[in-house]
Amino acid sequence: MQEFPDLMLRLLNRRELLEISTLLIMTDQFARKAHAWSARFSEPVSELVKRYTASVDFDKRLARVDIQGSLAHAVMLAKVGVISAQDRADIERGMQQIASEIESGRFQWSIDLEDVHLNIERRLTDLVGDAGKRLHTARSRNDQVATDIRLWLRGEIDTLIGLLRELQLSLIEQAEKHCATIMPGFTHLQVAQPVTFGHHLMAYVEMFARDAERLVDCRKRVNRLPLGAAALAGTSYPIDRAMVAELLGFDAIAANSLDAVSDRDFAIEFCAAGALIMTHISRLSEELIIWMSARVGFIDLPDRYCTGSSIMPQKKNPDVPELARGKTGRVTGHLIGLLTLMKGQPLAYNKDNQEDKEPLFDTVDTLQATLRIFADMMLGVEVKADRMRQAAFEGFSTATDLADYLVRKGLPFRDAHEAVGAAVRHAQNAGVDLSQLSLAVLQGFHPSIDADVFEVLQLEGSVASRSHPGGTAPAQVLAAVAAARQRLS
Ligand code: ARG
């Protein structure tokens with residue numbers, strides 16, 4: 001009544017005042033009806049709370065799958081006779097219009113309607129009347145949202161598996177090209193033994209292949225239908241869950257209603273697989289950054305993947321790998337966030353679960369953008385084979401080959417190791433490679449050394465000798481390339 005100026009109140013008689021207050025109470029009730037659940041409440045939700053609890057700003061991303069799920073639900077409700085064929089037709093017509101409104105950006109999202117589900121349901125009711133109000137029979141937002149996320153994630157997993165495939169194909173192409181390009185292999189970031197660059201790249205193909213396997217496996221557990229669980233206990237309507245599962249392409253129904261609405265382990269599992277993908281990307285990034293530094297100079301990245309410095313004109317920075325390394329932290333963070341989100345929740349659904357979406361969405365976005373860019377960037381890596389070879393040559397990387405040579409001549413490995421250690425010390429002091437020592441000098445370290453030793457001390461001889469499945473020999477790299485292509489075909 002405060003809205004009414006005192007003067008006006010004084011001019012009105014008792015009856016008029018009564019009429020006005022009744023009118024105001026009705027208007028107030030109408031306003032509170034803005035919420036689908038507000039009938040039992042005696043005051044409207046505060047503006048702050050509304051903004052705090054609303055998820056529509058981010059979950060509107062689920063609109064397409066929300067409609068897909070609702071349509072399957074409506075088809076089932078009509079089939080079991082809970083709604084009429086006319087209701088079903090009205091719902092389908094309304095949803096079609098809503099889908100096109102959303103697609104074209106004409107749909108009016110309202111924070112007053114809290115989330116994507118209530119926004120769509122309200123619009124449906126505006127468009128088709130009572131049929132829209134019947135759609136939510138035998139369903140709750142709890143099983144609805146769990147279904148939506150699973151439908152959505154399933155599609156994104158498929159995209160990610162495709163992107164991992166693209167990245168592997170790029171790496172395979174480079175590996176084939178560089179099956180015989182020699183570089184130093186490292187342990188402890190110290191030159192260890194010569195390897196081929198192709199072999200090094202194929203190591204990442206293995207990692208990304210396992211990452212794809214993990215996604216395929218995770219998808220199986222994502223692809224189960226929560227609908228039918230309703231709020232938590234199931235529903236008294238004669239629903240047909242198997243039919244909905246089939247309509248939506250789910251492999252099975254979630255077997256327990258309490259579990260179906262409450263657990264987000266499928267999302268956590270996905271984020272764990274995602275964190276591993278980014279971990280592999282991050283290791284590759286770290287190597288690209290090291291390889292590209294002027295001191296190492298093994299590769300160059302195309303200019304389109306780098307940026308300059310605003311103050312140092314000579315700089316060309318590997319921004320993309322650096323950012324990918326940085327974004328790995330954020331994806332790992334999402335995994336920890338979701339694990340923490342879940343750990344304290346009693347059965348069944350709790351609003352905490354609304355917090356599953358942003359980390360999940362960001363994980364998917366980060367992974368897709370990163371894999372897309374890496375698939376292209378890895379094809380553009382320009383290899384400086386001379387620098388790689390020189391680095392392998394300078395690091396006494398064939399010392400193990402010399403030890404193995406002595407073993408073949410009959411020495412126990414430990415003795416051979418000691419003799420070669422002395423030879424390395426000598427060569428280091430002389431500032432030359434083992435292969436540059438004369439035969440006479442080498443024989444000083446062990447008399448069984450012959451002229452054939454120089455073959456073993458050559459980098460090419462060293463890598464070629466490691467010719468078994470999984471070894472670094474060019475022939476084995478080509479075999480690995482063929483096997484990987486086969487796997488991906
Ligand atoms: N926006 C909610 C979510 O993301 C939908 C489910 C709401 N359920 C409820 N009982 N309030 O989890």
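Presented here is a report on the structure given in the accompanying data block.

Scoring rules and cut-offs
- Residues numbered from 1 in each chain as written.
- Predicted model: local features only at pLDDT ≥ 70, side-chain atom pairs only at ≥ 80, totals over all residues.
- Heavy atoms only, no water.
- Helix = DSSP H or I, 4+ residues; strand = E, 2+ residues; numbered from the N terminus.
- Buried < 20%, exposed > 50% of the residue type's maximum accessible area, 1.4 Å probe, protein only.
- Contact = heavy atoms within 4.5 Å.
- Core = buried A, V, L, I, M, F, W, Y, C linked by side-chain atoms within 4.5 Å.
- Pairing = 2+ DSSP bridges.
- Near = heavy atom within 4 Å.
- Polar contact = N/O pair within 3.5 Å; in protein donor to acceptor, adjacent residues only side chain to side chain.
- Areas by Shrake-Rupley, 256 points an atom, 1.4 Å probe, with all protein chains shown as cover.
- Nonpolar A, V, L, I, M, F, W, Y, C, P; charged D, E, K, R; others polar.
- Expected span 1.5 Å × (residues − 1).
- Arc of directions from axis to C-beta.

### Section: the environment of Leu 371
Inference 1: Its location among the elements puts Leu 371 in helix H15 (residues 357-380).
Inference 2: On the accessibility criterion, Leu 371 (0% relative accessible area) is buried.
Inference 3: The contact partners of Leu 371, leaving out residues within four places of it in the chain, are Leu 160, Leu 163, Leu 164, Leu 167, Ile 277 and Ile 281.

### Overview of the nonpolar core
Inference 1: Leu 153, Leu 167, Phe 270, Leu 288, Ile 299 and Phe 374 are the most contacted members of the largest nonpolar core, which has 99 residues in total.
Inference 2: Dropping the residues within four chain positions of it, Phe 374 is found in contact with Leu 167, Ile 281, Leu 284, Ser 285, Leu 288, Val 320, Pro 321 and Ala 324.

### Some details on the pairing of strand E2 (residues 190-196)
Inference 1: Of the pairings in the sheet, the one linking strand E1 (residues 182-187) to E2 comprises six bridges and is antiparallel in character. Bridge pairing links Met 183 to Val 195 in E2.
Inference 2: Count of turn residues in the E1/E2 antiparallel hairpin: two residues, of which His 188 carries a positive phi of about 55 degrees.

### Examining the environment of Gly 344
Inference 1: Mapped onto the elements of the fold, Gly 344 is located in the loop between helix H14 (319-343) and H15.
Inference 2: Considering only alpha carbons, one finds Gly 344 and Asp 240, 104 residues apart in sequence, at a separation of 33 Å.

### Focus on the site of the ligand
Inference 1: Every residue close to the ligand is listed here: Ser 55, Asp 59, Asp 115, His 117, Arg 141, Asn 142, Val 145, Tyr 349, Gln 354 and Lys 357.
Inference 2: In this structure, Ser 55 approaches the ligand through a side-chain N or O atom, which is 3.4 Å from a nitrogen atom.
Inference 3: At a separation of 2.8 Å, a nitrogen atom of the ligand approaches a polar side-chain atom of Asn 142.
Inference 4: Contact with the protein chains hides 86% of the accessible area of the ligand, taken as 350 Å² for the molecule alone.
Inference 5: The greatest single-element share of the shell around the ligand, amounting to three residues, is contributed by helix H9 (residues 141-177).
Inference 6: Residue classes in the shell around the ligand are distributed as two nonpolar, four polar and four charged.

### Remarks on helix H6 (residues 85-103)
Inference 1: If you check H6, its first and last C-alpha atoms are 27 Å apart, about what 19 residues at 1.5 Å a residue would give, namely 27 Å.
Inference 2: Residues Asp 87, Asp 90, Ile 91, Gly 94, Met 95, Ile 98 and Glu 101 constitute the buried set of H6. Within H6, the buried residues cover an arc of 130 degrees as seen down the axis, which keeps them to one side. Facing away from the buried side of H6 by more than 90 degrees, the exposed set consists of Ala 85, Gln 96 and Glu 103.
Inference 3: Close packing links the buried residues of H6 with helix H5 (63-79), helix H7 (116-128) and helix H8 (130-134).
Inference 4: At the C-terminal side of H6, Gly 105 shows a positive phi close to 80 degrees.

By themselves, these figures tell us nothing about what the structure is for.
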